[in-house]
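Structural overview for review
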Amino acid sequence: MTTTTITDSGHDSHHDEGSYLTPHKGGAFATIIQWATTIDHKKIGMMYLFTVLGMFMLGGVAALLIRAELWEPTRILADGTITGQLFQSDSTSGYLTYNRLFTMHGAVMVFLVIVPGAPATLGNFLLPLMLGAKDVAFPRLNLLSWYIYVLGAAFAVMSLINTGADTGWTFYTPYSSSHAGNTYGNIVMMTTAAFILGFSSILTGLNFIVTIHKLRCPGMGWFDMPLFVWAMYATSIIQVLATPVIGITLLLLIFERVFHVGIFDPALGGDPILFQHFFWFYSHPVVYVMILPGMGIATELIAVHCRKPVFGYRAIAFASLGIAAVAFLVWGHHMFASMGELANAVFSALTFFVAIPTAVKVFNWIATLYKGSIALNTPMLYALSFLFLFLIGGLTGLPLATLATDMHLHDSYFVVAHFHYVMMGGTIIAFVGGVHHWWPKMTGKMYTEWVGIVGCLLVFIGFNVTFFTQFFLGLQGMPRRYASYIDEFQLLHQISTVGAFTLGLGFFIQLGNFIHSLIAGKKAPPNPWGGLSLEWYIESPPSEHNFHAEPILTHGPYDYEDVYPPHCDPADFPLPEPKPEGNAAH
Amino acid sequence: MNTCALTLAQQTSWLTKKIFGAPGASELARDSDSIFMWIFYFSLFWFILLMGLMIYWVIKYRRRPGVPIQRTPHHNTNLELAWTILPSLFLGYMFYIGFQGYIKQVIAPTNAEMIDVRGSKWMWTITYANGVNPPEMTEIGGNPQAPIIYIPVGRPVQFRMTSSDVLHSFWIPDFRFKQDLMPNRYSSFWIEAEAPGDHYLFCAEYCGDKHSEMSAIIRAIPADEYDALLQKWFDDSGNLTPVEAGKRLVESKGGCIACHSLTGAPGIGPTWLNAWGYEVPLTDGTTIPADDPDAWDNYIRESIINPAAKIRSGFAPVMTPFAGVFSEEELDSIVEYIKSLSDKAPAGEIPADDSPEQPES
């Protein structure tokens, strides 16, 4: 690769035209209309960001309420008084309120936060910028997908107001199709929400696949794309192929519940295990819809803040695709306690295959640190937290894939801890790190660095206190989805609850930091971190049409050894000695 | 089992005990623990190696003004192949020991004693080979009516399990195994206790409102005591009055008292205290008339077999149908028992509680 820079001629002279955030000249109302009808991927990405953050707060409050309830086990004394119960459920409904809370937490976090989170917010905002495009391939479809998301979120919130579903986010039959719920409509409403959200997911995936195929700028081959884009590509493939299955499954569930058509309920001639196969055929691949973008974000963060070419670029790119492919073959490991021995053996073996590309990525990330120039700022601390937490999440998946040990750990708190380490420690931590990393680009404002670091440390400590404890709870016999428990588990539960509120405080500080940044943050330079991918070539925040002229790519996204980052003082980012002639390092 | 892993785990049984809280209650359970510990040490090795490198490099290569990065190869095929293939071999081995252990866990000895388990919301119904249900109960974590399931020491026991309604899961943490119960098929689970002692049983598959209270005690006792106990229950069951038989059925086989109180306290289902013979409004607007013995007997009978047929006002249609669970004779006993709990019970019948007897009006 040569050391020439990207052509984006004369953008300084265009500063007067304003950014995509510049309000409409017609006033507040016109600005709202402008945003509501926008087909600009950046505005849509920002609208997704704020709706997803709102849903994240809803799911987070539910999580804190769950942890608060578990501070003390519920006991009904001889005289009928109830102790240790936060939510005074009337005795005719058992632990209905708690059951609704964990259902809401799971459904909101999965369907409304983690699945759309990184692709629809950062993906929408960054994909065209990283590819050097004006927009995604189908801008109107992009806006439609946001409206579908809002409609799905509205159904979910309506279900909550209408007392909420109490099935768990997995909607297992026959409980969900015939038994659950005191109100008839709430489960139908919640499943309808998930059904609608599926369309949003499919449209985003489709849009990204076409965008990546068709809208790469001149000079950008497949292996010149940032690895975040590769992760988005693998994510989109899964979204398009897997999401229709959950749509059909939830529709069948609604049919069984409303019209009593026997599909999953044995009382009507159906089979409940069929539902589990359908459900996990979607929901396992979707685990990778959740984690692949997190991996992509982490890759970018590590490369930029270490100023190092990513070690084994192709290995990481192909590992993303490998994960997407194997993702479709391992759903049965969610059903080891309900399938036969042969199926269990096959799915256990296949599950180990998915560990391999994941391990390869971790090795590559760590190797990228070697002989870099590592800045310990907020985004990088999040990236390092991601490595730490995701590694624990991945390694604790091993005893769950191993049959002999899973038969004990299945459906216990060990599983709860494992998937929180992957989904939250992996995806959410990478996502929040990514929001910090691209916040100056998205808003044109800097946040306060030390507050970001304090928040990150609180999140990291709180997270580990909350969930590492839960590994021991699971190993010692604490089942999932229990509103109460035996006395032996109380100490561990209380430690976990303290951790959860520390974690909550950390996120609250981050939120305050962002709000402060929006109101009083310093103006962000175009390239505060010295990044080399195309989004750092343009202003912060970008103008309406991103690039002032079509960029022509002349270097790779990670050529930190040879290229000075744009808009930066070269003295801040010194290059190593030019490489000796004839020594092909690339 | 893999002897190397076993030795390793035995050497560090202190850590194993810390991690699991209590040692496994059978050889298979301890095998499972040693496989876990093998994976634990494998994971610990990689975790310390990778995080050690990360922290070391982050400190060593932290950004210093004016100091450039150093040029290093962008990839290294041999290194990358090594770190792909080497862990893969370990993963293959991990699958193999897990599979071996699992096959031992699921294949029951042919001489195992069969015990029937029926899961329903929110109780376990146990039926021994001689047809009796264990009548004893204890308190577990706020559930005062958890059954005690006796098993013999030193004799393999196989549970043949099914569900009456939704999915449940039979988990005995001390034995490191669980198996789901499904409403349309049998599943099975076997254990062999080594020593007398109590072990928790939890429902591990979410099943609704009182999922957290669906627990029991598995109590291992010497085999001769176990045989004598089962024989005693069998002999007792022949000498009961209908009211006594009904009381035993609703407590053990039916588990009805998980939802229906006998004290007038509210519950998921209507209380049975002073229910029989009183006027009761239904959700469809009709009522079960007061002082009509036939109507009341039929209402109780129907509500056991097909609970959704008539729902009492103020209650949700959540009860599991018990069609086929009770014999006709048993249904008679349950009706007699519920009748005996009412102060409207006909003269000559002694109420089971201490409420004053009233003549028939």
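A quick note: this is a predicted structure, and the numbers were derived from the prediction, not measured.

**Here's the deal with the overall build of chain A**
Secondary structure summary: chain A contains 16 helices and two strands in total. Taken along the three principal axes of its C-alpha coordinates, chain A extends 80 × 55 × 45 Å. When burial is assessed residue by residue, chain A has 66% of its 586 residues classed as buried. Partitioning the contacts of chain A with sequence separation of at least 6, the portion at a separation of at least 24 is 81%. Looking at chain A as shown, the accessible area adds up to about 19,000 Å², and 71% of this sits on carbon and sulfur atoms.

**Some remarks on the environment of alanine 146 of chain B**
Here alanine 146 of chain B lies in strand 4 (residues 143-152). In this structure, alanine 146 of chain B is in contact with Glu136, Met137, Thr138, Ile140, Ser215 and Ala216 of chain B, ignoring residues within four places of it in sequence.

**Overview of the packing of helix 9 (residues 313-326) of chain A against helix 10 (residues 341-369) of chain A**
All names here are of chain A. Packing of helix 9 against helix 10 leaves a shortest axis separation of 9 Å and a crossing angle of 160 degrees. Relative to helix 10, the element helix 9 is oriented roughly antiparallel. Here the hand of the crossing between helix 9 and helix 10 comes out left-handed. Here helix 9 contributes Ala315, Ile316, Ala319, Ser320, Ile323 and Val326 to the contact with helix 10, which in turn contributes Leu350, Phe353, Val354, Pro357, Thr358, Val360, Lys361, Asn364 and Trp365.

**Here's the deal with the pattern of salt bridges**
If you walk through the whole model with that rule in mind, you get 21 salt bridges over all chains. A salt bridge links arginine 185 of chain B to aspartate 271 of chain A, with the shortest nitrogen-to-oxygen separation between them at 2.6 Å. Here the residue arginine 185 of chain B occupies a position in the loop between strand 7 (177-181) and strand 8 (187-191), and aspartate 271 of chain A occupies one in the loop between helix 7 (227-259) and helix 8 (272-306), the pair thus bridging two chains. A relative accessible area of 23% places aspartate 271 of chain A in the partly exposed class. Where arginine 160 of chain B meets aspartate 116 of chain B, a salt bridge forms, and the shortest distance between an N and an O atom there is 3.0 Å. Highlighted residues: arginine 160 of chain B in strand 5 (residues 157-163) and aspartate 116 of chain B in strand 1 (residues 113-120), separated in sequence by 44 residues. With relative accessibility at 27%, the residue aspartate 116 of chain B sits in the partly exposed group. Look at the salt bridges and you will find they share partners, linking Glu561 and Asp562 of chain A together with Arg71 of chain B into a network.

**Observations regarding the interface of chain A and chain B**
In this assembly, 106 residues from chain A lie in contact with 84 residues from chain B. Between chain A and chain B lies a buried interface of about 8,400 Å² when both sides are counted; carbon and sulfur atoms form 66% of it. A salt bridge links arginine 71 of chain B to aspartate 562 of chain A; the nearest nitrogen and oxygen atoms lie 3.2 Å apart. On inspection of chain A and its partner chain B, the count reaches 36 residue pairs in polar contact (both at pLDDT 80 or more). Counting residues per element, the ones that place at least two in the side of chain A that touches chain B are helix 3 (96-131), helix 5 (175-179), helix 8, helix 10, helix 11 (378-395), helix 12 (398-401), helix 13 (403-409) and helix 15 (449-475) of chain A. Looking at the side of chain A that touches chain B element by element, the count peaks at 15 residues for helix 10 of chain A.

**Things to note about the environment of lysine 579 of chain A**
Mapped onto the elements of the fold, lysine 579 of chain A is located in the segment after helix 16 (490-520). Separated by 502 residues in sequence, lysine 579 of chain A and leucine 77 of chain A place their C-alpha atoms 77 Å apart.

**A word on the domain arrangement of chain B**
Residues and elements named next belong to chain B. Domain boundaries assigned for chain B yield domain 1 (3-62 + 73-106), domain 2 (113-237) and domain 3 (242-340). Across the boundary between the two partners, domain 2 contributes 17 residues, which contact 13 residues of domain 3. In total, domain 2 and domain 3 occlude about 1,400 Å² of area from one another, counting both sides; carbon and sulfur atoms represent 58% of this. Considering only the surface of domain 2 that becomes buried against domain 3, Trp122, Met123 and Asn133 emerge as the three largest contributors, covering 29% of it. For the pair domain 2 and domain 3, the number of links is zero salt bridges. For the pair domain 2 and domain 3, the number of links is four residue pairs in polar contact (both at pLDDT 80 or more). Mapped onto the side of domain 2 that touches domain 3, the elements with two or more residues apiece are strand 2 (123-127) and helix 5 (223-237). With three residues, helix 5 is the largest single contributor of residues to the side of domain 2 that touches domain 3. Looking at the side of domain 2 that touches domain 3 residue by residue, the class counts come to six nonpolar, six polar and five charged.

**Some details on the sheet that holds strand 8 of chain B**
All names here are of chain B. With respect to topology, four strands assemble into an open sheet ordered 2-1-5-8, the strand pairing being mixed. Only two strands of the sheet have a single neighbouring strand rather than two, namely strand 2 and strand 8. Along the sheet, successive strands turn relative to each other by an average axial angle of 25 degrees, direction set aside. Bridge count for strand 1 against strand 5 is seven bridges, and the pairing is parallel. Bridge assignment links methionine 114 to a residue of strand 5, and that residue is glutamine 158.

**Topic: the pairing of strand 7 of chain B**
All names here are of chain B. Burial within strand 7 is extensive, with five of its five residues counted as buried. By the alternation rule, side chains of strand 7 split into Phe177, Gln179 and Leu181 and Lys178 and Asp180, which are all buried. Judged from the five bridges that link them, strand 6 (residues 168-172) and strand 7 form a sheet pairing that is antiparallel. Following the sheet pairing, histidine 168 is matched in strand 7 by leucine 181. Where strand 6 folds back onto strand 7 in an antiparallel hairpin, the turn is made up of four residues, including arginine 176, whose phi is positive at roughly 55 degrees.

**Description of the confidence of the model for chain B**
Residue and element names in this part refer to chain B. Summarising the model, chain B shows a mean pLDDT of 87, and 93% of its residues fall at 70 or more. The secondary-structure element of chain B with the lowest mean pLDDT is helix 1 (residues 3-11), recorded at 51, while strand 6 shows the highest, at 96. Counting contacts from residues 351-361, a segment whose pLDDT is below 50, to residues more than four positions away or on other chains yields 14 contacts.

What counts and what doesn't
Per chain, the residues get numbers from 1 upward, laid out in the order the sequence is written. As they are written, the chains are lettered A onward and the ligands numbered 1 onward, keeping that order. Per-residue local features of the predicted model are confined to residues with pLDDT of at least 70, and side-chain atom pairs are confined, for both listing and counting, to 80 or more; whole-chain, interface and lining totals are unaffected and use all residues. Only hydrogens and water are set aside; all other atoms, that is, all heavy atoms of the structure, feed into the side-chain values. Counting from the N terminus, the helices are DSSP H or I runs at least four residues long and the strands are E runs at least two residues long. Note on exposure labels: buried denotes an accessible area under 20% of the residue type's maximum, exposed denotes more than 50%, and partly exposed covers the range between, all computed with a 1.4 Å probe on protein chains only. Two residues form a contact once any of their heavy atoms are found within 4.5 Å. Reported accessibility uses the Shrake-Rupley method at a 1.4 Å probe radius. Residues are deemed covered only where the shown protein chains occlude them. Axis definition: a line fitted to C-alpha atoms, limited for helices to the stretch in contact. Angles are taken between N-to-C directions and run from 0 to 180 degrees. Oblique is the label for any angle not covered by the other classes, which are roughly parallel (under 35 degrees), roughly antiparallel (over 145) and roughly perpendicular (65 to 115). Here a crossing is called left-handed whenever its near helix is offset anticlockwise from the far helix by less than a right angle, and right-handed whenever the offset is clockwise. One side-chain nitrogen of Lys or Arg within 4 Å of one carboxyl oxygen of Asp or Glu is enough to make a salt bridge. A simple way to read buried area is as the amount of 1.4 Å-probe accessible surface that goes missing from two parts once joined, with both sides added. Here a polar contact is taken to be a pair of N or O atoms separated by no more than 3.5 Å, where protein atoms must pair a possible hydrogen donor with a possible acceptor and residues adjacent in sequence count only if both atoms sit in side chains. Domains are outlined according to an automatic or database domain assignment. Classes in brief: Ala, Val, Leu, Ile, Met, Phe, Trp, Tyr, Cys and Pro nonpolar; Asp, Glu, Lys and Arg charged; the others, Gly included, polar. Strands qualify as paired when DSSP identifies two bridges or more between them. Within a predicted model, pLDDT stands for the predictor's per-residue confidence, ranging from 0 to 100.

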